[in-house]
Amino acid sequence: MMAPVLGLALLGLALITTPSVAFVPIGAGISNHVSITGTALLQKVAEACKAVAQQNGYDFITTGSSPEELVQACLGPTATGQVSGAKFHTALQQIYTQNGLVDKDFVNSDPHHFNSETFLEGRALITEGMASIKANVRHQHFQAARETLGRVLHTLQDFYSHSNWVELGKTEPHIRPLEPGRPLENLADLNTPTCKDCESGSCPNQLLSSILQEKKLTSGYMGVYFSTKPKGKCSHGGKGDLTSTTVPRGGIHKDVINSENVALHKTAVLLATTASLQLLEDIRLAVGDKDFLRMMGIARSSVLVFVIDTTGSMSDDIDEARKVVFEIIDSKKGTQDEPSEYILVPFNDPGFGPLSKTEDPDKIKKLITDLKPNGGGDIPEMCLSALQLALTGSPSSSHIYVFTDAIAKDISLKDTIIALIRRTKSTVSFFMTGSSRRRRRSATASFDDYREMALASGGQAIDVSKKQLPQATAIIRDTSTSALVTILQRTVIPAASKTTNFVLDESLQNVTMYITGQSVTYTITNPAGVTQSNTDTSGKLGTASSVGNLVRIRLNDDKQLGKWQILTNSPQPYTVKVTGQSIITFIYNFVERFEGPHPGYAVLSGRPQAGEAAHLLLSAIGKKGPSSMKIGDIGLISSSDKMENATITDLGNGDILAMVKSVPEGEFLVVMTGTDKESNSEFQRQSTTSMSVSKVNIQAHIPSSMEPGVQVELPFVVKTQGAGGEYSIVANNDRDYPMVYPKKITLTTGKEVNDTVKITPPGNTPSGTDVTLTMEAKSSDGADSNYIVLRLSVIKKITDFYQPLCEDLSVKADDCPMDLSLCAPHQWEMSANLTDGNGTGIESVTLRQGNGSLTVSPVPNRMVKVSYKASCCSQIVEVVAVDAVGNVGKCYHSIERSAGPPLLTLSLPLWLCLLVSIFVARP
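Conventions we followed
Residues numbered from 1 in each chain as written. Predicted model: local features only at pLDDT ≥ 70, side-chain atom pairs only at ≥ 80, totals over all residues. Heavy atoms only, no water. Helix = DSSP H or I, 4+ residues; strand = E, 2+ residues; numbered from the N terminus. Rg over C-alpha atoms; globule rule 2.2 N^0.38 Å. Buried < 20%, exposed > 50% of the residue type's maximum accessible area, 1.4 Å probe, protein only. Lys, Arg positive; Asp, Glu negative; His and termini not counted. Charge placed at Lys NZ, Arg CZ, Asp CG, Glu CD. Pairing = 2+ DSSP bridges. Disulfide = S-S within 2.5 Å. 1 Å grid on protein atoms, 1.4 Å probe; cavity = no way out; pocket = protein on both sides within 12 Å on 5 of 7 lines; lining within 4 Å. Points joined across faces, edges and corners; volume = space filled by probe spheres on them. Contact = heavy atoms within 4.5 Å. Polar contact = N/O pair within 3.5 Å; in protein donor to acceptor, adjacent residues only side chain to side chain. Axes fitted to C-alpha atoms, helices over the stretch in contact; angles between N-to-C directions. Left-handed = near helix turned anticlockwise from the far one by under 90°. Nonpolar A, V, L, I, M, F, W, Y, C, P; charged D, E, K, R; others polar. Salt bridge = Lys/Arg side-chain N within 4 Å of Asp/Glu carboxyl O. Phe/Tyr/Trp six-rings, centres within 6.5 Å; stacked < 30°, edge-to-face > 60°. Lys NZ or Arg CZ within 6 Å of the ring centre and 35° of its normal. Parallel < 35°, antiparallel > 145°, perpendicular 65-115°, else oblique.

1. Some remarks on the overall build of the protein chain
Here is step 1 of the chain: Helix and strand counts for the protein chain stand at 18 helices and 41 strands.
Here is step 2 of the chain: Compactness check: the protein chain gives a C-alpha radius of gyration of 29 Å against a globular reference of 29 Å for 923 residues, within 12% of the reference.
Here is step 3 of the chain: Seen through its C-alpha atoms, the protein chain measures out along the principal axes to roughly 85 × 75 × 55 Å.
Here is step 4 of the chain: In the protein chain, buried positions account for 59% of the 923 residues.
Here is step 5 of the chain: Between the averaged position of the 85 positive side-chain charges in the protein chain and that of its 93 negative side-chain charges there is a distance of 2 Å.

2. Some thoughts on the sheet that holds strand S27 (residues 696–700)
Here is step 1 of the chain: Here four strands make up an open sheet; going across it, the order is S27-S28-S32-S30 and the pairing antiparallel. Only two strands of the sheet have a single partner each, and these edge strands are S27 and strand S30 (739–740).
Here is step 2 of the chain: The pairing of S27 with strand S28 (residues 712–720) spans five bridges and is antiparallel. Counted as the bridge partner of Gln-699 is Val-717 from S28.

3. As for the state of the cysteines
Here is step 1 of the chain: Under the criterion given, the structure shown has six disulfides.
Here is step 2 of the chain: The disulfide partner of Cys-49 is Cys-74, and the gap between their sulfur atoms is 2.0 Å. Across the disulfide from Cys-49 to Cys-74, rotation about the S-S bond amounts to roughly -95°, and the bridge is consequently left-handed. Taken together, the residues Cys-49 in helix H2 (residues 33–56) and Cys-74 in helix H3 (residues 67–75) connect sequence positions 25 residues apart.
Here is step 3 of the chain: What makes Cys-49 buried here is its relative accessible area of 0%.
Here is step 4 of the chain: With a relative accessible area of 5%, Cys-74 lands in the buried category.
Here is step 5 of the chain: Residue pairing for Cys-823: its cysteine sulfur links by disulfide to Cys-873, the two sulfurs lying 1.9 Å apart. Here the disulfide of Cys-823 and Cys-873 is right-handed, its torsion about the S-S bond being about 95°. One end of the pair, Cys-823, is in the loop between strand S35 (805–812) and strand S36 (827–835); the other, Cys-873, is in the loop between strand S39 (863–871) and strand S40 (876–883), and 50 residues separate them in sequence.

4. Looking at empty space enclosed by the protein
Here is step 1 of the chain: Tallied over the full model, the rule gives nine cavities of 30 Å³ or more.
Here is step 2 of the chain: In terms of lining, the largest cavity is formed by 14 residues, of which the most central are Arg-422, Lys-425, Phe-590, Leu-604 and Met-691.
Here is step 3 of the chain: Contributions of two or more residues to the lining of the largest cavity are made by helix H13 (414–424) and strand S18 (585–594).
Here is step 4 of the chain: Ranked by residues supplied to the lining of the largest cavity, first place goes to S18 with three residues.

5. Here's the deal with the environment of Thr-473
Here is step 1 of the chain: Within the secondary structure, Thr-473 is located in the loop between helix H16 (469–472) and helix H17 (474–479).
Here is step 2 of the chain: Of the residues examined, Thr-473 reaches a relative accessible area of 0% and is grouped as buried.
Here is step 3 of the chain: Note: C-alpha distance between Thr-473 and Lys-323 (150 residues apart in sequence) is 9.8 Å.
Here is step 4 of the chain: Those residues in contact with Thr-473 that lie beyond four places of it in its chain are Glu-320, Val-324, Phe-403 and Phe-431.
Here is step 5 of the chain: At 3.0 Å, the side chain of Thr-473 and the backbone oxygen of Pro-470 are in polar contact.

6. As for unusual backbone geometry
Here is step 1 of the chain: In the segment running from Val-247 into Pro-248, the intervening peptide bond is cis, with an omega of -5°.
Here is step 2 of the chain: Of note, Pro-248 is situated in the loop between helix H7 (209–213) and strand S2 (256–257).
Here is step 3 of the chain: Pro-354 follows Gly-353 through a cis peptide bond whose omega is 0°.
Here is step 4 of the chain: Here Pro-354 lies in the loop between strand S4 (341–347) and strand S5 (356–358).
Here is step 5 of the chain: Although it is not a glycine, Lys-215 adopts a positive phi angle of roughly 55°.
Here is step 6 of the chain: The exposure class assigned to Lys-215 is partly exposed, which follows from its relative accessible area of 34%.

7. Quick look at the packing of helix H5 (residues 119–138) against helix H8 (residues 262–287)
The packing of two helices is summarised by the inter-axis angle and the distance between the axes.
Here is step 1 of the chain: As a packed pair, H5 and H8 sit with axes 10 Å apart at the nearest point and diverge in direction by 35°. Of the two elements, H5 crosses H8, and the hand of that crossing is right-handed. Side by side, H5 and H8 meet where Ile-126, Met-130, Ile-133, Lys-134 and Val-137 of the first sit next to Leu-279, Asp-282, Ile-283, Ala-286 and Val-287 of the second.
Here is step 2 of the chain: Classifying every residue of the contact of H5 with H8 by side-chain character gives eight nonpolar, no polar and two charged.

8. A look at the pattern of salt bridges
Opposite charge on two side chains permits them to pair, given that their charged atoms come into close proximity.
Here is step 1 of the chain: According to the stated counting rule, one finds 42 salt bridges in the structure shown.
Here is step 2 of the chain: In this structure, Asp-770 and Arg-791 form a salt bridge, with 2.7 Å as the shortest nitrogen-oxygen distance. Linking Asp-770 in strand S33 (residues 769–779) with Arg-791 in strand S34 (residues 785–794), this pair joins segments that are 21 residues apart in sequence. Taken as a pair, Asp-770 and Arg-791 share a single burial class, namely buried.
Here is step 3 of the chain: When salt bridges with common partners are traced through the structure, they connect Lys-44, Glu-47, Glu-281, Arg-284, Asp-289 and Arg-848 into a single cluster.

9. Some points on the side chain of Glu-69
Here is step 1 of the chain: For Glu-69, the position within the fold is in helix H3.
Here is step 2 of the chain: No salt bridge is formed by the buried Glu-69, whose closest oppositely charged neighbour, Lys-624, lies at an N-O distance of 5.1 Å.
Here is step 3 of the chain: In this structure the side chain of Glu-69 is engaged in a polar contact, spanning 2.7 Å, whose partner is the side chain of Ser-66.

10. Re the packing of aromatic side chains
Here is step 1 of the chain: Counted according to the given criterion, the structure contains 15 aromatic pairs.
Here is step 2 of the chain: Their ring planes at 85° and their centres at 4.9 Å tell us that Phe-159 and Tyr-160 sit as a pair that is edge-to-face.
Here is step 3 of the chain: Residues Phe-306 and Tyr-401 carry aromatic rings whose centres are separated by 6.0 Å and whose planes lie at 45° to one another, so their mutual orientation is tilted. In this pair, Phe-306 sits in strand S3 (residues 303–309) while Tyr-401 sits in strand S6 (residues 399–404), placing the two residues 95 residues apart along the sequence.
Here is step 4 of the chain: With a relative accessible area of 2%, Phe-306 lands in the buried category.
Here is step 5 of the chain: According to the relative accessible area criterion, Tyr-401 is buried, its value standing at 1%.
Here is step 6 of the chain: Three or more aromatic residues joined by ring pairs form one cluster here, namely Phe-114, Phe-119, Phe-159, Tyr-160 and Trp-165.
Here is step 7 of the chain: The ring of Tyr-588 carries Lys-425 above its face, with NZ or CZ at 4.8 Å from the centroid.

11. Focus on the packing of helix H10 (residues 315–332) against helix H11 (residues 361–369)
Here is step 1 of the chain: The contact between H10 and H11 brings their axes to 9 Å, and the two run at 170°. When the axes of H10 and H11 are compared, the pair comes out roughly antiparallel. Of H11, the residues touching H10 (which contributes Ile-318, Arg-322, Val-325, Phe-326, Ile-329 and Asp-330) are Pro-361, Ile-364, Lys-365, Ile-368 and Thr-369.
Here is step 2 of the chain: Each residue belonging to the contact of H10 with H11 can be placed in one class, and the counts come to seven nonpolar, one polar and three charged.

12. A word on the environment of Ile-795
Here is step 1 of the chain: You can see Ile-795 is positioned in the loop between S34 and S35.
Here is step 2 of the chain: Assessed through its relative accessible area of 5%, Ile-795 is described here as buried.
Here is step 3 of the chain: Separated by 672 residues in sequence, Ile-795 and Arg-123 place their C-alpha atoms 17 Å apart.
Here is step 4 of the chain: In contact with Ile-795, not counting residues within four places along its chain, are Ala-131, Ser-132, Ala-135, Ser-705, Met-706, Glu-707, Pro-708, Ser-767 and Gly-768.

Scope: geometric values only; no functional claims are made or implied.
Structure, rendered in structure tokens:
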């Protein structure tokens, strides 16, 4: 329904390109899927932040309304240092993106939009999606949860724009479509006419009076590829609906505001927003505030990820990794630079994994201490399989550190690794301690492969001896920080003398330069003309250290602001990188336009198309939101320093649509410049992950979920604008589930080829398991290729749709005085039984409201007894119970005398618990 745009701002563009974008009014004000979703998300995040602050004894006080300021306030005043809002922005964009893709990938699926009276089917999609979200969060698969959340919210919101719920006079959300355990009532059947004819195509009151009088629920029929519909049925309407010209003509959608439906559109927006808030509240209660905020990317930016070779020769390397982790944990504890999560993936031959993930510093210390080097001997190890596991199991934009002294045995995964790097925008650095000895032992793989992967990610390939390793790991301390940004990144191939300029701004701290290569000479010049060369290890500009093929220069804190210059020269290829810490940054995605009833832009999973203009959506992130910065230029820059500037459209709220007519040849990076209004200083930022174009295009979309033991078919499409011929297809998944797919296909220039990949999760797969599938299409000569990356969730079939119930509630509050000023010496008590009946069993019980003490004790017959004691000054208690599949029930009681008779038992579903007095209307 609503525009599949990727940020609030793209809706402005949608207004220009098409008048039929969903939930978009004509004129001032924007109401659409993204704005509705964003409004609900920001409100729920703020509520969760406030609750966490209260639990931890600090005040939740924001300095402004921007997401950046919300993140800073949410993480609390006790942790010193800068914290970036990039993760929160990224989480929001992932939700918005998947919300919008429903209009692309499921344009002809009635249930995804509640079209054509598919109420039961639409409700099933929401139910399955909610089960998947809760299971994913429990397994800490937050990105998978976010992506499913975006799709579920789209379907939920469409109900209010596509059905006649609003025309029936309803002013509150409809509960039944959200509760599979309760029957949908009073639905118009297939033979019941619902609309009268509208010759002009846009008429008020098109619903039949009998439908309105009998309160029959219906929705418009939508024909993307056909114009037929059941006799007498309403159409969705709009230019993309072919049925709208079939009698009865017209349509009842409220996607677009016009003179006939102003009030209906506004009510639909209000109800869609309220329903979204209720759905988010259900998730929040089921998973808890802490994990809800982690799902939303509210965390310190640093995640420490180690991939460590554990073969017999790696004893020194493992010891060094342990020392680095211990030092980081001890030195950064209590600051914003303290890692928010630790991830470890060991490997040797023939094994790799498991992936261990923890927030507990002591646990990661023990995990690394327990690594014991053993085995090995045939040189190649399963490095890339372990790295694949780390890339799919870590958050986007993670920094991953690989320790190895051997080449990769599983080199066939190299293209998959590069695809995952580009998709996740993660940075991978390799610490290689045996390259000269190992490189000669294999004709198919070498340490150069690690260098290529590091280069694609913007990481470092550090070639050192085992004795030098302690000096090289300083880079881990540099990059495992919050608010890390890239100012400059260049790769010089072939070797040459090169002068490169970059700009330092007032917000930057801990500016560090890295030069990776052999025999590199350099001279750094600051804005005042002061220089420092490679012969000065401690000069006027900074302190330099050299180890192996790495030179690291930490600039002095009193650095000058403005334009700097670095002159480099080497007989061999080399890289130059400048990083720092700053809240000023950007996130971006390459996007492509798609057509249909609701045209828009979708995120590219693979590489942009050669010979076409490249489009990017960027979100600029400043100290106090977009209002605190002015964007200058955006463009793509190649390794040869060729810059292609973009035509930019400022879409508001920090979102920018950039179009580059001519894409640089080879690998390129994204550059953004601008001015920080807070300090009136110019800034420069770059992406770290490199990209290139392709003439091949491969596309597929994600099903709602998979079931354990059930084979799933994923249709995919491949097309090339280059030379036709035979192309290889390679598919990998990080769980090593069995897959069946064509190994080769034959393409004709400009013609699509359709096929399927079949994947079967084992029958014992735990519900909530996250699977990352990577597919690549490559020409026979290897000159061109492209890829897609899909995230899928394995969810056991849900049969328990009923929330825990609160029964036998008993209250003793007779001692509480009427006069609250006398409440302090007195106490009151409440007790109740929480039962899940024949469901999956109560898994957790928490105190949501109240300052007293809660005691929980299990009793026979799947029942939990709760006892609560509190001062008479604390007059409200709310206990939340969650069963094993995430259904939520509550016990609530108030002893406020003015509140009327006490509620002795509250055993209604969550949706009714939230607004008991509201949801009394029936369809």
